[in-house]
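# Survey of secondary and tertiary structure
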Amino acid sequence: MENSIRSISMEPKLSSDLLRGHTDTIVLGSLLKQDRYGFEIYNRILGRTGEQYELKETTLYSSYKRLERDGYITSYWGDETQGARRKYYRITETGRGLYAQNKIDLEFTQRIIRDLLKEDEE
Amino acid sequence: MNTRQQIEALFSGYEKSTELADFMEELESNLNDRVAFLKQKGLGGQEALDKALAELGDVSALADELSLKRKQEVISEMYMKTRNYISPPRMALYVALGALIGFGAIVGGVIAFGPAQGYDIAPAILGTLMIFCGGGILGLIFLGLTQETASKMAMPWKRALWYLLAAALVIFGLSVTAMVYVNYIYFDLAEAPYLSETLATLIPFFLPGAALGIFLILTEKDLSKPWVAKLRKEALESAHERFGSPVQQERFGLICGAIWIAAIAAFILLSITVGFKFSWLAFVAALVAQLLVQAAFSKDAAGGAKDGVARKQAQ
């Protein structure tokens, strides 16, 4: 539907829908090196996409809840003494496994899509 | 408004669960940091807050999930944890009273099936039952009324005593009447107008007891806990929805009333003219009529809703 009324500008535009399907993997990826809290994860994504990704934060919160429920991440409250406490997320071993698997799947899919979209050499 | 107030406003309509409170705290710290970050980039205070909130998006789905769980928790807690309301001494009393009733029943049985037979043991059986079982039942009534449960508050003990008196009069009155009745049969006074005299013994005890009981029940306050009242209100509202509007529901009630009054009249008339064998069919007919009316009304409500949708689409 959206494509049918889309104006063709020939400017590259980030497809938010496509990215949204990988929210869980993106969240897991940002926790690989260190534990982070919501704002950090959100800011990191915005920074890496050059603020082009119109990501709603609730999408992330839903992802945290889902990942935590399924045991891919755990959460704990930080010990901030001033203001509201921060809730940190930590990736679990199964979470790392899921991340690695999703990454392999995604790379494989990207290759297939590239092949599918390749113009025929006549 | 600061972030805290904004968040409170966002979730004002939701049941506060620990999970939701947790989430709100998490949200607050993240929003605060985001607002500070945006301010650093040169946005004004209000501007930064507005932007941060816009980035947050629609929280209703998450909030629904988090508060729904709480609702279920609350309800299951209310229903399941009745045990918590019974203190150990009360529990002991409940058990003792149950044992008393059981004891009375067993003693009564022993007398009934013992060596002595005939009508002369009847008063002994009735007396035993009255004292032990009756006493036990009275105790249970008093405890039951003054028992706080998950759904209802305890009745004040003074009022419960009045109930106790009513129940005692009823039980004593019925026992006396039974004894008198048995006595008449035993002395073979069947020729005498024993039935009317037996019934007359209901007057001094049973009748005042029953009257007191009915008076108490009619003047009873609603002891439901607030959450029960709330659920009841919700049920009432959903009934309104089903019938489209309160007016329609009232109309439905009136028609049903008319149907049943007509049924009673038909029943009396048919009983006199045709006899009991067929007159009860009047009630079956009334039931069928009521169901048909209800079906017609529900359909009306659905039609009304559809009209509403059609009108909205037309706009």
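See the structure above.
Now for a look at the structure at hand.

### Notes on the overall build of chain A
Secondary structure assignment for chain A yields five helices and three strands. Taken from the N to the C terminus, the helices and strands of chain A come in the order α-α-β-α-α-β-β-α. Carbon and sulfur atoms provide 50% of the accessible area of chain A, an area that totals close to 8600 Å².

### Focus: the overall build of chain B
Within chain B, the secondary structure is distributed over 13 helices and zero strands. Sequence-ordered secondary structure for chain B, helices as α and strands as β, is α-α-α-α-α-α-α-α-α-α-α-α-α. Counting every position in chain B, which comprises 315 residues, the buried fraction comes to 28%. A fraction of 66% describes how many contacts in chain B between residues 6 or more apart in sequence connect residues 24 or more apart.

### Some remarks on the sheet that holds strand S1 (residues 36-37) of chain A
All names here are of chain A. Spatial ordering of the open sheet is given by S1-S3-S2, a layout of three strands whose pairing is antiparallel. Every interior strand has two partners, whereas the edge strands, S1 and strand S2 (73-77), have only one. Note that S2 and strand S3 (residues 87-91) share five bridges and pair antiparallel. Opposite Thr74, over in S3, you have Arg90 as the bridge partner.

### Overview of the interface of chain B and chain A
Contacts between chain B and chain A engage 20 residues on the former and 21 residues on the latter. Around 1900 Å² of area is buried between chain B and chain A when both sides are counted, 50% of it from carbon and sulfur atoms. Contact with chain A buries surface across chain B, with Glu26(B), Asn30(B) and Arg34(B) losing the most and accounting together for 28% of the total. One can count three salt bridges joining chain B with chain A. A salt bridge links Lys87(A) to Asp22(B); its shortest N-O distance comes to 3.4 Å. Between chain B and chain A we count 14 residue pairs in polar contact (both at pLDDT 80 or more) in total. Those elements that provide at least two residues to the side of chain B that touches chain A are helix H2 (18-40), helix H3 (45-56) and helix H4 (60-80) of chain B. Ranked by the residues each element gives to the side of chain B that touches chain A, the list is headed by H2(B), at 11 residues. Partitioned by chemical class, the residues of the side of chain B that touches chain A number eight nonpolar, three polar and nine charged.

### So, the pattern of salt bridges
Applying the stated criterion across every chain, the model contains 14 salt bridges over all chains. The shortest N-O distance in the salt bridge between Arg90(A) and Asp35(A) comes to 3.0 Å. Taken together, the positions of Arg90(A) in strand S3 and Asp35(A) in the loop between helix H2 (23-30) and S1 put the pair 55 residues apart, joining distant regions of the chain. Close ionic contact of Glu25(B) with Arg85(A) constitutes a salt bridge, the shortest N to O distance being 2.9 Å. Separated into two different chains, Glu25(B) in helix H2 and Arg85(A) in the loop between S2 and S3 make up a pair that spans both. Salt bridges linked by common partners bring Arg4(B), Glu8(B) and Glu28(B) together as one network.

### Observations regarding a nonpolar patch on the surface
All names here are of chain B. Nonpolar side chains collect at one region of the surface, where Leu270, Val274, Phe278, Trp280, Leu281, Val284, Val288 and Leu292 lie side by side and expose about 740 Å² of accessible area between them. Topologically, Val284 is positioned in helix H13 (residues 281-314). Taking the relative accessible area as the measure of exposure, Val284 reaches 39% and is therefore partly exposed.

### Some words on the packing of aromatic side chains
All told, the structure shown has 12 aromatic pairs over all chains when counted by the stated rule. Between Tyr61(A) and Tyr64(A), the ring centres sit 5.7 Å apart and the planes meet at 90°, which makes this aromatic pair edge-to-face. Here the residue Tyr61(A) and the residue Tyr64(A) both occupy positions in helix H4 (residues 57-69), the gap between them amounting to three residues, near one helical turn. No difference in accessibility class separates Tyr61(A) from Tyr64(A), as the two residues are buried. When the ring of Trp260(B) is compared with that of Phe283(B), the centres are 6.4 Å apart and the planes differ by 20°; the resulting orientation is stacked. Within this pair, whereas Trp260(B) is found in helix H11 (residues 246-273), its partner Phe283(B) is found in helix H13, the two being separated by 23 residues in sequence. A relative accessible area of 30% means that Phe283(B) is categorised as partly exposed. Taken together, the ring pairs in this structure connect Tyr37(A), Phe39(A), Tyr76(A), Tyr88(A) and Phe37(B) into an aromatic cluster.

Analysis parameters
Residues numbered from 1 in each chain as written. Chains lettered and ligands numbered in written order. Predicted model: local features only at pLDDT ≥ 70, side-chain atom pairs only at ≥ 80, totals over all residues. Heavy atoms only, no water. Helix = DSSP H or I, 4+ residues; strand = E, 2+ residues; numbered from the N terminus. Areas by Shrake-Rupley, 256 points an atom, 1.4 Å probe, with all protein chains shown as cover. Buried < 20%, exposed > 50% of the residue type's maximum accessible area, 1.4 Å probe, protein only. Contact = heavy atoms within 4.5 Å. Pairing = 2+ DSSP bridges. Buried area = accessible area lost by both parts, 1.4 Å probe. Salt bridge = Lys/Arg side-chain N within 4 Å of Asp/Glu carboxyl O. Polar contact = N/O pair within 3.5 Å; in protein donor to acceptor, adjacent residues only side chain to side chain. Nonpolar A, V, L, I, M, F, W, Y, C, P; charged D, E, K, R; others polar. Patch = residues over 30% accessible without salt bridge, like charges linked within 9 Å, V, L, I, M, F, W, Y side chains within 5 Å. Phe/Tyr/Trp six-rings, centres within 6.5 Å; stacked < 30°, edge-to-face > 60°.

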